[in-house]
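# Topology and contacts: notes
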Amino acid sequence: MYQKSLSIVRNEQKELNIAPVHHLDRAFKTATFGMGCFWGAESLYGGTRGVLRTTVGYAGGTKDQPTYRNLGDHTEVLEIDYDPTVISYQQLLHIFWNNHEYGLTTVIKRQYMSLILYHDDEQKQIAELSKAKEGKRRTPEVITTEIAPKRNFYPAEDYHQKYRLQGHRDLSETLNLNSKLLRTSYVATKLNGYLVGVGGVEQFKTEVDTMGLTPSQKEYCYHYIEKNEGQGLYC
């Protein structure tokens, strides 16, 4: 996008009475995973059907108020709010096991370790059974993933949130994102995944009308989704 396009989008929003959808009033559950660098994981889950919100942050350690430059014993993690009527915790775990950039079967520093933080006893049981099954499947490799209760979560700095979407500065501006919405916005969550090709064009078509995008915004998104569909994620 460029300045002329920004003006077009603003006019469309006003004339068509369209506004970005930052919140969906749906019941949800939350999952918390560490699977290496959190940028790629956030895009991966953001473009997954049934995921409503994603927030990257730090968890699993004891240091109070960690930051990226002073992380202490915390791990980079992703919190996922999801609609359990669309996607199950077991399905989220399937994505988890099959999409680590590194660290699943290799011990690395705690910042990027493989980590499942469960929110209740049901999640704990499902995660432990899933890990055992995955361990058998990957023999003779040994899974390094730790499973522990979720006790804390500190959102990461703004520049880490929806990192891929923020690379599209003009589009982000038309979504009216602020510090809070970078962590909680539904449309930002979805576009952070779709714009790098997660989900693909056909799936995007089934969800795009829930996002509050104007015709010009949709056209812009279709271009990048089609361009990036099928490419791998990276940090």
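Residues numbered from 1 in each chain as written. Predicted model: local features only at pLDDT ≥ 70, side-chain atom pairs only at ≥ 80, totals over all residues. Heavy atoms only, no water.

If you look the chain up in an unreviewed UniProt entry, it shows as peptide-methionine (S)-S-oxide reductase from Glossina fuscipes. Per UniProt, the chain carries the Sequence similarities (unreviewed entry) text "Belongs to the MsrA Met sulfoxide reductase family." (UniProt positions renumbered as here; feature names shortened; annotations may be inferred.)

### Considering the nonpolar core
One finds Phe33, Tyr45, Tyr89, Leu92 and Ile116 to be the most contacted residues of the largest nonpolar core, which totals 28 residues. Put simply, the parts of the chain that give this core at least two residues each are strand S1 (29–35), helix H2 (38–46), strand S2 (51–59), strand S3 (75–82) and helix H3 (89–97). The element best represented in this core is H3, accounting for six residues. Excluding its chain neighbours within four sequence positions, the residues that come into contact with Tyr45 are Phe33, Met35, Val51, Thr54, Leu78, Ile80, Leu92, Ile95 and Phe96. (Core = buried A, V, L, I, M, F, W, Y, C linked by side-chain atoms within 4.5 Å. Buried < 20%, exposed > 50% of the residue type's maximum accessible area, 1.4 Å probe, protein only. Helix = DSSP H or I, 4+ residues; strand = E, 2+ residues; numbered from the N terminus. Contact = heavy atoms within 4.5 Å.)

### Side note on the pairing of S2
Of all nine residues that make up S2, nine are buried, and the element is covered over most of its length. Here S2 pairs with S3 via eight bridges, running antiparallel. Residue pairing in the sheet places Arg53 in a bridge with Asp81 of S3. When S2 meets strand S6 (residues 154–155), the two strands line up antiparallel, connected through two bridges. Across the sheet, Gly57 pairs through a bridge with Pro155, a residue of S6. (Pairing = 2+ DSSP bridges.)

### Some points on the side chain of His74
Following the sequence through the fold, His74 ends up in the loop between S2 and S3. On the accessibility criterion, His74 (1% relative accessible area) is buried. Side-chain polar atoms of His74 contact the backbone nitrogen of Gly61, separated by 3.0 Å. (Polar contact = N/O pair within 3.5 Å; in protein donor to acceptor, adjacent residues only side chain to side chain.)

### Side note on the pairing of S3
In the case of a regular strand, side chains alternate between the two sheet surfaces. Among the eight residues in S3, eight count as buried, and that is most of the element. Burial of the side chains of S3 extends over both faces: Thr75, Val77, Glu79 and Asp81 are buried on one face and Glu76, Leu78, Ile80 and Tyr82 on the other. Where S1 lies against S3, five bridges are found, and the strand directions are antiparallel. Among the inter-strand pairings, Phe33 is bridged to a residue of S3, identified as Leu78.

### Notes on helix H8 (residues 186–194)
With respect to burial, H8 is a largely interior element, nine of its nine residues being buried. Listed in full, the buried residues belonging to H8 are Tyr186, Val187, Ala188, Thr189, Lys190, Leu191, Asn192, Gly193 and Tyr194. The N-capping residue of H8, defined by a side-chain oxygen 3.4 Å from the backbone nitrogen of Val187, is Ser185.

### A short note on the sheet that holds S2
Spatial ordering of the open sheet is given by S5-S4-S1-S3-S2-S6, a layout of six strands whose pairing is mixed. Two strands in the sheet have a free side with no partner beyond their single neighbour: strand S5 (146–149) and S6. Sheet contacts for helix H4 (residues 121–138): S1, S3, strand S4 (114–118) and S5; angle to S4, the most-contacted strand, approximately 150°. (Axes fitted to C-alpha atoms, helices over the stretch in contact; angles between N-to-C directions.)

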